[in-house]
Amino acid sequence: FNFFFFLKNGDLHQSEILILFCSTFFKIPLLKIICIEIESTNWKHLISGLRILAFPCNQFGYQEPGTSEQIQCFASDRKVKFDLFEKIDVNGKNAHPLYQYLKKEQGGTLFDAIKWNFTKFIVDKNGKPVGRISPNTSPLEMLKDVEKFF
């Protein structure tokens, strides 16, 4: 599985550390907290080598009912600065191949399925998933997990 070939979107570089998370934008106030924490001063020294990729998903309480276009507009209106991809499934028979790979490489507690939105994965500069972080861990709390790759 060539992670960088799979995600190539014009300006994604192999020299960057990636944080990926499946997300819910429409009905979750957590988005505001995540955006504020990601943009806080503690993350600023990492920004040059860090990319945050969000994958909207409607598999968690059906909290993401909108189309990909509606989600993009919603995020744009709120000035979200991280990369936002098309809405995907992260679990089940229709799980996106990227999330099949991430779950295989970084299994979960008890079982590998994504248990709730905002589950985060850290992918190193070589495209290898090196961490899986629970949905209730905030960006500020996970800073120590990310810093060791810089």
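All of these numbers come straight from a predicted model, not from anything done at the bench. Within each chain, residues carry numbers counting from 1 in the order of the written sequence. The model is predicted, so local features are restricted to residues of pLDDT at least 70 and side-chain atom pairs to those at 80 or more, both for listing and for counting; the totals for chains, interfaces and linings are taken over all residues. Excluded from the side-chain calculation are hydrogens and water; included are all heavy atoms of the structure.

Things to note about the pattern of salt bridges
Here the idea is simple: oppositely charged side chains can pair when their charged atoms come close. Heads up, the rule is: Criterion for a salt bridge: a side-chain nitrogen of Lys or Arg within 4 Å of a carboxyl oxygen of Asp or Glu. Accessible area is worked out with a 1.4 Å probe on protein chains only. A residue is then buried under 20% of its type maximum, exposed over 50%, and partly exposed in between. Secondary structure elements follow DSSP: runs of H or I no shorter than four residues count as helices, runs of E no shorter than two count as strands, and numbering proceeds from the N terminus.
Taken as a whole and assessed by the stated rule, the structure comprises 2 salt bridges. Across the pair K104 and E105 runs a salt bridge, and its minimum N-O distance is 3.4 Å. On the basis of relative accessible area, E105 is assigned to the partly exposed category, the value being 27%. Two residues, E105 and K128, come together in a salt bridge whose shortest N-O distance is 3.3 Å. Of this pair, E105 sits in helix 5 (residues 97–105) while K128 sits in the loop between strand 4 (120–123) and strand 5 (129–133), and the two are 23 residues apart along the sequence. Each of K104, E105 and K128 takes part in one network of salt bridges that share partners.

Describing the confidence of the model for the chain
Where the model shows low pLDDT, its predicted coordinates should not be examined in detail. Rules: pLDDT is a residue-level measure of predictor confidence that goes from 0 to 100.
Within the chain, residue pLDDT values average 75, and 70% of them lie at 70 or more. Confidence, read as mean pLDDT per element, is least for helix 1 (residues 3–7) in the chain (51) and greatest for helix 5 (91).

Re the packing of aromatic side chains
Selection criterion: Any Phe, Tyr or Trp ring, taking Trp's six-membered ring, that has another such ring centre within 6.5 Å forms a pair; planes under 30 degrees apart are called stacked, those over 60 apart edge-to-face, and the others tilted.
For the structure on display, the rule yields 3 aromatic pairs. Aromatic side chains F55 and F85 sit 4.7 Å apart centroid to centroid with 15 degrees between the ring planes, which places their arrangement in the stacked category. Here the residue F55 occupies a position in strand 2 (residues 50–56), and F85 occupies one in the loop between strand 3 (83–84) and helix 5, the gap between them amounting to 30 residues. Of the two residues, F55 and F85, both sit in the buried class. Centre to centre, the rings of F55 and Y99 are 5.7 Å apart; their planes meet at 75 degrees, and the pair counts as edge-to-face. Of this pair, F55 sits in strand 2 while Y99 sits in helix 5; the two residues are 44 residues apart in sequence, bridging distant segments of the chain. Look at F55 and you get buried, because its relative accessible area is 4%. In this structure Y99 comes out as buried when scored by relative accessible area, which is 0%. Among the aromatic residues, those joined into a ring-pair cluster are F55, F85, Y99 and F121.

As for the side chain of N91
Rules: The definition of a polar contact used here is a pair of N or O atoms within 3.5 Å, where within protein one atom must be able to donate a hydrogen and the other to accept one, and adjacent residues in sequence count solely through side-chain atom pairs. Pairs of residues are marked as contacts when any of their non-hydrogen atoms sit within 4.5 Å.
Within the fold, N91 resides in the loop between strand 3 and helix 5. Taking the relative accessible area as the measure of exposure, N91 reaches 14% and is therefore buried. A distance of 3.2 Å separates a polar atom in the side chain of N91 from a polar atom in the side chain of K103. Engagement of the side chain of N91 in a polar contact is seen with the backbone oxygen of I114, the distance being 2.7 Å. In this structure, N91 is in contact with Q59, F60, K103, A113 and I114, ignoring residues within four places of it in sequence.

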